[in-house]
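# Structural description and commentary
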Amino acid sequence: HGNTLRFLVAAMIYSDGVHTVFALGGVYAAAVFGMELADVIVLGIALNVTAGLGAFAFAWVDDKIGSKRTITISLVALIISTVGVLAAPTAMTFWIAALVMSTCFGPVQAASRTMMARLSPPEMRGEMFGLFSLSGKVTAFAGPALVGAIALATDNYRLGMAVVPVFLIVGLVILRGVKESGSDSI
């Protein structure tokens, strides 16, 4: 099951980037833009709503073009919008870039689960989804740890959070080698 293993490694790495944003996005907003707790809570709610809307909107894309292409498109958009978040000069541009970025979270996560279902032999779906769940958690510390180490070393939280697009890019590169059954690979 080398193809499935390759997908699990790719998903583990790009999920680390996504989970790092979930874990530290509020801290980033407060540290870089001076947002108060109430503003961070409103931001969190808005990001969750747009992530849900993105997952809903991209469900038909996944059905139409396949999970791998949906993940690829979402990761590319996520990489671009994450760079926008990191480069945002004002709180307003940060908000806009963050809402665009969060719209891509849902499709990445939903299409990844669909991809796992497509790659899993029917008789092994339970085991495969167990590995999928484990792979998303086993290295969840890596992103926040790297952000903290880089931010501490450079005294720059933006530079610390710059590891997020790196995780996304590395995951995307590994994903390119995965063959999605029933569709052409990208």
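Here's a quick rundown of the structure. Only a predicted model underlies this, so the values are computations on that prediction, with no experimental measurement involved. (Residues numbered from 1 in each chain as written. Predicted model: local features only at pLDDT ≥ 70, side-chain atom pairs only at ≥ 80, totals over all residues. Heavy atoms only, no water.)

## Topic: the overall build of the chain
- Counting secondary structure elements, the chain contains eight helices and zero strands.
- Its helices and strands in sequence order give the chain the pattern α-α-α-α-α-α-α-α, from N to C terminus.
- Here the chain has a C-alpha radius of gyration of 17 Å; the compact-globule value for 186 residues is 16 Å, and the two agree.
- Viewed in the frame of its principal axes, the chain has a C-alpha envelope of about 50 × 35 × 25 Å.
- Here the analysis covers contacts within the chain between residues at least 6 apart in sequence; of these, 79% occur between residues at least 24 apart.
- Of the accessible surface of the chain, which amounts to about 9000 Å², a share of 72% is contributed by carbon and sulfur atoms.
- For the chain, the distance from the average position of its 11 positive side-chain charges to the average position of its 10 negative side-chain charges is 9 Å. (Helix = DSSP H or I, 4+ residues; strand = E, 2+ residues; numbered from the N terminus. Rg over C-alpha atoms; globule rule 2.2 N^0.38 Å. Contact = heavy atoms within 4.5 Å. Areas by Shrake-Rupley, 256 points an atom, 1.4 Å probe, with all protein chains shown as cover. Lys, Arg positive; Asp, Glu negative; His and termini not counted. Charge placed at Lys NZ, Arg CZ, Asp CG, Glu CD.)

## As for the environment of Asn-48
- One can find Asn-48 in helix α2 (residues 37–65).
- Classification of Asn-48 by relative accessible area gives exposed; the value is 56%.
- When the C-alpha positions of Asn-48 and Thr-103 are compared, they lie 8.6 Å apart, and in sequence the two are 55 residues distant. (Buried < 20%, exposed > 50% of the residue type's maximum accessible area, 1.4 Å probe, protein only.)

## Structural notes on unusual backbone geometry
- Although it is not a glycine, Asp-155 adopts a positive phi angle of roughly 55°.
- Classification of Asp-155 by relative accessible area gives exposed; the value is 74%.

## What to know about the pattern of salt bridges
- Counted according to the given criterion, the structure contains two salt bridges.
- A salt bridge links Arg-118 to Asp-62, with the shortest nitrogen-to-oxygen separation between them at 3.2 Å. Separated by 56 residues along the polypeptide, Arg-118 in helix α4 (residues 91–119) and Asp-62 in helix α2 bring together distant segments of the chain.
- Arg-118 is the salt-bridge partner of Glu-180, the closest N and O atoms lying 2.8 Å from each other. Taken as a pair, Glu-180 in the segment after α8 (163–175) and Arg-118 in helix α4 lie far apart in primary sequence, 62 residues in all.
- Using a relative accessible area of 4% as the deciding quantity, one classes Glu-180 as buried.
- Within the structure, one salt-bridge network assembled from shared partners comprises Asp-62, Arg-118 and Glu-180. (Salt bridge = Lys/Arg side-chain N within 4 Å of Asp/Glu carboxyl O.)

## Topic: the packing of α2 against α4
- It is at 7 Å that the axes of α2 and α4 come closest, and there the two elements cross at 45°. Taken together, the axes of α2 and α4 lie oblique to each other. Pair α2 / α4 crosses with right-handed handedness. Contact residues: α2 offers Asp-39, Val-42, Leu-43, Ala-46, Leu-47, Thr-50, Ala-51, Gly-54, Ala-55, Phe-58 and Asp-62, while α4 offers Phe-94, Trp-95, Ala-98, Leu-99, Ser-102, Thr-103, Phe-105, Gly-106, Pro-107, Ala-111, Thr-114 and Arg-118. (Axes fitted to C-alpha atoms, helices over the stretch in contact; angles between N-to-C directions. Parallel < 35°, antiparallel > 145°, perpendicular 65-115°, else oblique. Left-handed = near helix turned anticlockwise from the far one by under 90°.)

## A look at the layout of surface pockets
- In this model, the largest pocket occupies a volume close to 320 Å³.
- In terms of lining residues, the largest pocket is bounded by 23 residues, among which Val-21, Phe-22, Gly-25, Gly-26 and Leu-47 are the most central.
- When contributions to the lining of the largest pocket are tallied by element, the ones reaching two or more residues are α1 (2–33), α2, α3 (67–87) and α4.
- The residue makeup of the lining of the largest pocket, split by class, is 17 nonpolar, six polar and no charged.
- When its volume is computed, the second largest pocket comes out at roughly 240 Å³.
- In this structure, the second largest pocket is lined by 14 residues; those nearest its centre are Ser-15, His-19, Arg-113, Phe-132 and Gly-136.
- Sorting the residues of the lining of the second largest pocket by element identifies α1, α4 and α5 (125–135) as the ones contributing at least two each. (1 Å grid on protein atoms, 1.4 Å probe; cavity = no way out; pocket = protein on both sides within 12 Å on 5 of 7 lines; lining within 4 Å. Points joined across faces, edges and corners; volume = space filled by probe spheres on them. Nonpolar A, V, L, I, M, F, W, Y, C, P; charged D, E, K, R; others polar.)

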